[in-house]
Structure formats: structure tokens, C-alpha cells
Amino acid sequence: MSRYLLIMKIMRRKPGALVPLELAICEAAAALRTRGHDEFHGYQIAKTIGDAAESRLLTAYGTLYRALARLEKMRLLTSRWEDPEIPARENRPGRRLYTLTALGDAALRDAHRAMEGPARARRRLAPA
Amino acid sequence: MSPALAIALALVRAWTRVYTAGIDPAIRARRLAEIDSDLWEFHEDARHRGLWPAAIAILMLLRLALGVHDDLCWRIEHRTVPFDLVRSGLWTAAAASIALLWLVISALQTREPPLSPVGTGNIVRMLYPVHAYPAAPPGATLPTMLPTSSAVVVHVTFKGAPPPPPPPPASSDDRR
């Protein structure tokens, strides 16, 4: 059974490849950074992904936070709790703040390049 | 706060407590705090956008329901019980299920006559019983002859090849 689980794990993902949600999170993180938010919290990411997809329903709690944890484990994101004084002052729960790492940037570039390749080949093969 | 929203918040928090129960307290506290923060941010944002409390509650519950699968997978990833123990437990449960199934089948068998001459061990005949329906009254069409509420089960028995036909009667020439 452990061998079967291992095979499933290998089949599910190529090494270094990002699943669509992980890619969407990295893209949203990069988009937030261009808007001046180097650090972002979970809801901000869900909102950015939802806005990009023009969807009212945001990524589910379990799906989002599991993917964030996975990206952190892959070292594409880092996270920290915000200073406890800030939420205390603003009377709200504390936020876990995530940052896209240099490795995350590289993975995003690789993913875009990997997507560009087949698209370029399709354009080249398409009849004029 | 509307009752619907209060219920939705309570459900999301309760579910988070349920699936994080028994894991490393630090990991549990982090997940609980993250979900709590997300709930607050979502509520505030939805309120500023002018969403009705009922709509906010529905969206919260949908976000909860759609993530249940990932919550459970995450829980399995953070299991505290060693995998070998889980595997042994699964094998034991499977063996116990088979034994129980066998006992149930045996108990059912004792109440009914054997299904075939082969005897009580004919599992194929037991799982795929032969159904037969009463003969159609003369002139009846097919749909009316099929009973709607119950079917009569006829136990088919195989008693070997039919007896050979009787020899033809001796003619008068033979007698002579």
C-alpha cells in the first residue's frame, strides 16, 4: 500500500511542476507585489485569485491553506505571524503573512516558460 | 450579527476544531488562527461590498464544504499515528469485515433450503439467484404479467440429464 501511495504521488506531479492552484497563488503573489504588497495574507490571495477569475466564490478554506502550506514546504513561499500589537490595535484576529521567495519567482518563470513552449509550437503549426 | 451568519461561523470553526483534533498543538493553533483571520477578513470585505448576511453565510459554508476533501487530506498528512499502525489497522478491519460477511451469509443460508444440488457452498448461485415469474394468463401482454411489487423466486435444481425416451412399442411383425 505504501508503494501504491508512492506511485500515486509520483504520478500526480512532475518534479518542480506546479499544480494550477499553486501556480495561481504564485501569480497572485507576484501581482500583489507589483501593487506594493510584498507580504500578503491568505484571504488576500483568495480574493486576488477570485478577482482574476471573475468568480464570486473564493477558493475553499481547506484547499487554499493546504496549498499555501505545500508551497511553503517547497520553499516557494515563506510566512510569519504579523506583530501581535497590530491586530490588537485594530481589534481583529492576527494575520499570517506570506512572501514569495526568489525560488517561487523562478518556479513561476519556469511554469510560464513551460506553458509558452507548446503555445508557441501550436501557433507555428497553425495554418496561416 | 444575523443567526445565519453566526451559525455559518460556528460551523466553520467547529469543523476546523474537529479535523485538527489530536495533531501537534502548534500546527493546530496555526490552522485555527489562519481560518479565524480568513473568516474575519472575508466578513469585513463582504460587508463593505454590501452583501447580505445570509449571502455571506452561504459563501462561507460553500467555502467550507468545497474544502472538506483537502481538510481531510491535510489531516492525513499530519497524522500522529505511525503509518505501519494504520496499515495494520486497515488489514485487521478488512479481515474482520470478510469474517463478518461470511458469518452473515452463513446465517442466511441456514434459514433457506439449498439453492442448488452443489450445496450450501454455491456462492455464485447465492449472489445471482434465478428469478422466475408466474405464468402469464392466457391472452395477457408482457407488462401485465410482471408483478410490480414482488417477485417469486424459484430455486432451480439440476437433477442430471432427463431420462431416456421409452423404447417404441413392438410392432405385430416383431411379435411374430
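For the structure given in this document, a descriptive report is provided here.

Conventions used here
Positions within a chain are numbered from 1, following the residues in the order the chain's sequence is written. Just so you know, chain letters begin at A and ligand numbers begin at 1, following the order they were written in. At least 70 in pLDDT is required for a residue's local features to be given in this predicted model, at least 80 for side-chain atom pairs to be given and counted, and no such filter applies to totals for whole chains, interfaces and linings, which use all residues. Calculated side-chain values reflect all of the structure's heavy atoms, with hydrogen atoms and water omitted. Elements are defined by DSSP. Helices are runs of H or I of four residues or more, strands are runs of E of two residues or more, and each kind is numbered from the N terminus. Three labels apply to residues, based on accessible area from a 1.4 Å probe with only protein chains included: buried if under 20% of the type maximum, exposed if over 50%, partly exposed otherwise in between. Think of a 1 Å grid over just the protein atoms. A cavity is a set of points where a 1.4 Å probe fits yet cannot get out, a pocket is an open set with protein on both sides within 12 Å along at least five of seven lines, and lining residues have an atom within 4 Å of a point. Grid points are joined across faces, edges and corners, and a volume is the space filled by probe spheres set on the points. In this count, Pro and Cys sit with the nonpolar residues alongside Ala, Val, Leu, Ile, Met, Phe, Trp and Tyr, while Asp, Glu, Lys and Arg are called charged and the others, Gly among them, polar. Any two residues having at least one pair of non-hydrogen atoms within 4.5 Å are treated as being in contact. Using a 1.4 Å probe, buried area is obtained as the accessible area two parts lose upon being combined, added over both of them. For salt bridges, the criterion is a side-chain nitrogen of Lys or Arg within 4 Å of an Asp or Glu carboxyl oxygen. Polar contact criterion, stated in full: a pair of N or O atoms within 3.5 Å, where within protein one must be able to donate a hydrogen and the other to accept it, and residues adjacent in sequence count only if both atoms are side-chain atoms.

A few words on unusual backbone geometry. Residues and elements named next belong to chain A. Although it is not a glycine, Arg-75 sits at a positive phi angle of roughly 65°. Relative to the helices and strands, Arg-75 is located in the loop between α4 (61–73) and β2 (77–81). Although it is not a glycine, Asn-91 sits at a positive phi angle of roughly 55°. Relative accessible area serves as the criterion here: at 65%, Asn-91 is assigned to the exposed category.

What the rule picks out here adds up to two cavities of 30 Å³ or more. A volume near 60 Å³ is recorded for the largest cavity. For the largest cavity, the lining is made up of 13 residues, of which Gly42(A), Tyr65(A), Arg96(A), Glu34(B) and Ser37(B) are closest to its centre. Broken down by secondary-structure element, the contributors of at least two residues to the lining of the largest cavity are α3 (42–52) and β3 (96–100) of chain A together with α2 (25–48) of chain B. Among the elements that line the lining of the largest cavity, the one with the most residues is α2(B), at four residues. Each residue belonging to the lining of the largest cavity can be placed in one class, and the counts come to four nonpolar, four polar and five charged.

Quick look at the interface of chain B and chain A now. The partner chain A presents 29 residues to the 31 residues of chain B that form the contact. Buried surface at the junction of chain B and chain A, summed over both partners, amounts to about 2700 Å²; 61% is from carbon and sulfur atoms. Linking chain B with chain A are five salt bridges, by the criterion used here. For the salt bridge of Lys47(A) with Asp45(B), the shortest nitrogen-to-oxygen distance reads 3.8 Å. Our count for the contact surface shared by chain B and chain A stands at 11 residue pairs in polar contact (both at pLDDT 80 or more).

All right, on to the pattern of salt bridges then. What the rule picks out here adds up to 19 salt bridges over all chains. The salt bridge involving Arg49(B) is made with Asp45(B); its shortest N-O contact spans 3.5 Å. A network of salt bridges, in which partner residues are shared, links Lys47(A), Asp51(A), Asp45(B) and Arg49(B).

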